[in-house]
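Chain residues, written in single-letter form:
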Amino acid sequence: MEETNKEITGENKGSDMNDPDKAYYSEEMLVGYRWFDTRNIEVMYPFGYGLTYTTFEYSALNTDAEKYESKDVISLSFSLMNTGDMAADEVVQAYVHRVNPSVEWPEKELKAFSRVNVQPGEEKTVTLEIPVETLRYWDEINHDWKDDLCDIELQVGSSANDILLKKQVALGD
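Asks: Just to check I follow, could you spell out the side chain of Glu109 for this structure?
Replies: Position of Glu109 among the secondary structure elements: in strand β5 (residues 109-118). Setting aside residues up to four positions removed in sequence, Glu109 forms contacts with Tyr33, Arg34, Ala94, Tyr95, Val96 and Arg98.

Asks: Help me understand the sheet that holds strand β4 (residues 88-98), please; the structure alone is not making it clear to me.
Replies: In a beta sheet, neighbouring strands are held together by backbone hydrogen bonds and run either parallel or antiparallel to one another. An order of β2-β10-β9-β4-β5 is seen for the five strands of this open sheet, with the pairing classed as mixed. Since the sheet does not close on itself, it has two edges, and those belong to β2 (67-68) and β5, each with one partner. Relative to β5, β4 runs antiparallel, the two sharing nine bridges. If you follow Ala88 over to β5, its bridge partner there is Val118.

Asks: Got a minute to help me understand the pairing of strand β3 (residues 73-82) in this structure?
Replies: Within a regular beta strand, the side chains point alternately toward one face of the sheet and then the other, so they alternate between its two faces. With seven of ten residues buried, β3 is to be regarded as a mostly interior element. Across nine bridges, β3 lies against strand β6 (residues 123-131) in antiparallel orientation. Note that in β6 the partner of Ser77 across the bridge is Thr127.

Asks: Please clarify how the nonpolar core should be interpreted in this entry.
Replies: Grouped burial of nonpolar side chains is what soluble globular proteins tend to show. Counting residues in each nonpolar core, the largest one holds 27 residues, and the members touching the most others are Ile74, Leu76, Phe78, Leu80, Ile130 and Ile152. Every element with two or more residues in this core is listed here: β1 (56-63), β3, β4, β5, β6, β9 (151-159) and β10 (162-171). Residue contacts for Ile130: discarding those within four places in its chain leaves Val73, Ile74, Leu76, Ala94, Val96, Lys111, Ala112, Leu135 and Leu154.

Reading guide: rules and limits
Residues numbered from 1 in each chain as written. Predicted model: local features only at pLDDT ≥ 70, side-chain atom pairs only at ≥ 80, totals over all residues. Heavy atoms only, no water. Helix = DSSP H or I, 4+ residues; strand = E, 2+ residues; numbered from the N terminus. Contact = heavy atoms within 4.5 Å. Pairing = 2+ DSSP bridges. Buried < 20%, exposed > 50% of the residue type's maximum accessible area, 1.4 Å probe, protein only. Core = buried A, V, L, I, M, F, W, Y, C linked by side-chain atoms within 4.5 Å.

Pasting the structure below:
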């Protein structure tokens with residue numbers, strides 16, 4: 001059982017490192033788009049990138065509170081308007097960027113998304129929810145989940161590199 005845990009966590013760095021059936025993630029939390037964003041490396045097709053036959057306008061980002069406690073759910077809403085001539089789906093994405101964290105974090109993390117069908121000229125209010133408990137980190141010393149009580153910037157857009165709306169809120173008790 002203990003050997004399996006070491007394989008999952010990447011602690012087992014013995015002679016089986018070249019085994020093609022095992023994966024070791026030396027990037028730790030900076031996997032995929034998190035690595036590129038945190039290291040400021042531009043990519044041709046950012047995470048969440050998609051093609052469409054129309055254009056969208058994002059506006060009026062609001063939250064249901066300015067400060068959230070550990071048991072709360074952040075509810076954010078904004079307007080999405082199809083400004084083109086074709087009906088289309090838009091995958092709206094909400095990221096979290098920690099402003100003054102006490103521990104190391106990626107530049108931003110995807111925390112909510114939704115696929116929204118919008119007709120030409122139509123405007124919809126989109127609501128996304130982020131439970132505050134999903135913003136915790138694992139404390140390796142105490143072996144427990146901890147809250148990082150800091151300010152966070154909610155970022156809404158159509159991809160990791162196309163952030164169109166931002167709003168700062170606080171985490172705390």
